[in-house]
Each structure stands twice: as structure tokens, then as C-alpha cells.
Amino acid sequence: MRIGLPDDFASGRGFTHLLADFARDHPDARLEVEVGNRDHLLCALDVQRLDHVLTKQDRPAGGEILARRVIVWVGRASITGTVPLVVFPEPCIYRERAISALEKAGLPWTIAYVSPSLAGILAAVNAGLGVSPLADDLTEGLVPGIVNRALPSPGSVDLVLHSRAGRLSRAATGLSDLIRQHYGADGHQHTDIIAPPAASRPE
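Residues numbered from 1 in each chain as written. Predicted model: local features only at pLDDT ≥ 70, side-chain atom pairs only at ≥ 80, totals over all residues. Heavy atoms only, no water.

A. The arrangement of the confidence of the model for the protein in detail. Summarising the model, the protein shows a mean pLDDT of 83, and 85% of its residues fall at 70 or more. Here strand 9 (residues 193-194) is the element of the protein with the lowest mean pLDDT, 29, and strand 6 (residues 109-114) is the one with the highest, 97. The low-confidence segment residues 185-203, where pLDDT is below 50, has 33 contacts with residues more than four positions distant or belonging to other chains. (pLDDT = per-residue confidence, 0-100. Helix = DSSP H or I, 4+ residues; strand = E, 2+ residues; numbered from the N terminus. Contact = heavy atoms within 4.5 Å.)

B. Focus on the environment of leucine 66. Structurally, leucine 66 can be placed in strand 4 (residues 63-75). The exposure class of leucine 66 is buried, given its relative accessible area of 2%. When the C-alpha atoms of leucine 66 and valine 160 are compared, they prove to be 5.6 Å apart, with 94 residues separating the residues in sequence. (Buried < 20%, exposed > 50% of the residue type's maximum accessible area, 1.4 Å probe, protein only.)

C. How the structure looks around unusual backbone geometry. Residue glutamate 90 is joined to proline 91 through a cis peptide bond whose omega torsion reads -5 degrees. At glutamine 48, a position not held by glycine, the phi torsion is positive, near 65 degrees. For glutamine 48, the location among the structural elements is in the loop between helix 3 (38-46) and strand 3 (52-57).

D. Structural context of the packing of aromatic side chains. Applying the stated criterion across every chain, the model contains two aromatic pairs. Between phenylalanine 9 and tyrosine 183 the ring centres are 5.5 Å apart and the planes differ by 85 degrees, which places this aromatic pair in the edge-to-face class. Placement of the pair is phenylalanine 9 in helix 1 (residues 7-11) and tyrosine 183 in helix 6 (residues 170-183), with a sequence separation of 174 residues. Each of the two residues, phenylalanine 9 as well as tyrosine 183, counts as buried. Pairing phenylalanine 88 with tyrosine 94 gives two aromatic rings, centres 6.3 Å apart and planes at 40 degrees, and the pair type is tilted. Note on phenylalanine 88: relative accessible area 8%, which makes it buried. Using a relative accessible area of 1% as the deciding quantity, one classes tyrosine 94 as buried. One residue, lysine 56, lies across the ring of phenylalanine 88, its end atom 5.7 Å from the ring centre. Residue placement shows lysine 56 over the ring face of tyrosine 94; its charged tip is 5.1 Å from the ring centre. (Phe/Tyr/Trp six-rings, centres within 6.5 Å; stacked < 30°, edge-to-face > 60°. Lys NZ or Arg CZ within 6 Å of the ring centre and 35° of its normal.)

As C-alpha cells, this is what we get:
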């Protein structure tokens, strides 16, 4: 079985515990994990190089919504002046939503730090390099000192499970069941299933 997911899933949200549960329930299965950005992973799913993909999106055009998370600002920024952003590389829904919210509010911003890993984002925030938009379940491990100026809300984001077309093996089905249990087991649960339209994947 092959699963793809962005780094904030792989490094946070208890994903390693999920893998341990899967290994216990399916000791004979071999699992391959690929970490990458949303567009790359969805393309790999389309050509059936992956069995499952986890993404974070707004208004997903396909897949199963597992949970909805509020995007919050973390870090330090001066009371006035340009907002220094600590963000993931493009494409990233946190980055897109944050910049859109700042521009709608007429607030100047600059990219202060870019990291492809959640660990890098958290380290930069803890070092005081700027503020970062993150889902509220990814803020564990941050030092005290949340944003000390009023910044517009970036809104929320959906955690979405995509599975390849065709029949899945018993182990692959078992993995998707574990994913649903793991990511939909709290107060943020939102399990609408959206049928993919004829159009292409969302940007």
C-alpha cells in the first residue's frame, strides 16, 4: 500500500501512532509513505501510483472530508508595520488563505521564512522570526507569545482523504478506516463525501 501526505500530516497529528496501529492490525502488509505537496500527490493518485492521499483544502472538489480545522496565527509580530510571514512553500492552503486575508484587510506583508517541514516552521516561529498561519491542531510545542496585534482570520481548512479509483485490497481498506477513525474522532468531525466533478482538481 502507498499513501501520500503533506509534511504537516507526516510530522504532526499523531500520524506515526496511526502507522503503528496499522502495522499491528496488518503485520504482513508493506506500507510506503510519500511526503510531498498537494498537487504532486494528487497527480500521483490520478495515475494510480498511490492508493490514498491526505490533503488540506478549502472547498475540495473530490475526496472525503474527515475534519475541519480553524487556521490560527502563531508567533510574534510588531504592533504596527509589515507582517513577517513564516510559511510552507507554494502550493499551501495555509499560506494562500493567510495572504488573502491580509490583503483584504489592507495589511502589508512579507515572506520572512519558508520551510517545507513543520519542524522548520515551528523552529522559526519559536525563534521569533515572524508569524505563521497553522491549523489549530499543529500548535503544540510553540513557546508562549502568540500574535500581539490584531490580524484577520484566515478561516478554516478541511482535512480530506482521497483514494484511488478501482478496487482496494483488504489492507488498503483497513488503512482508510484507520485514517477516518484517527482524523474524525474529535469535535471537529465533518464527514461529508463530495463526489468529484468532471472538472480538474482544485488549484
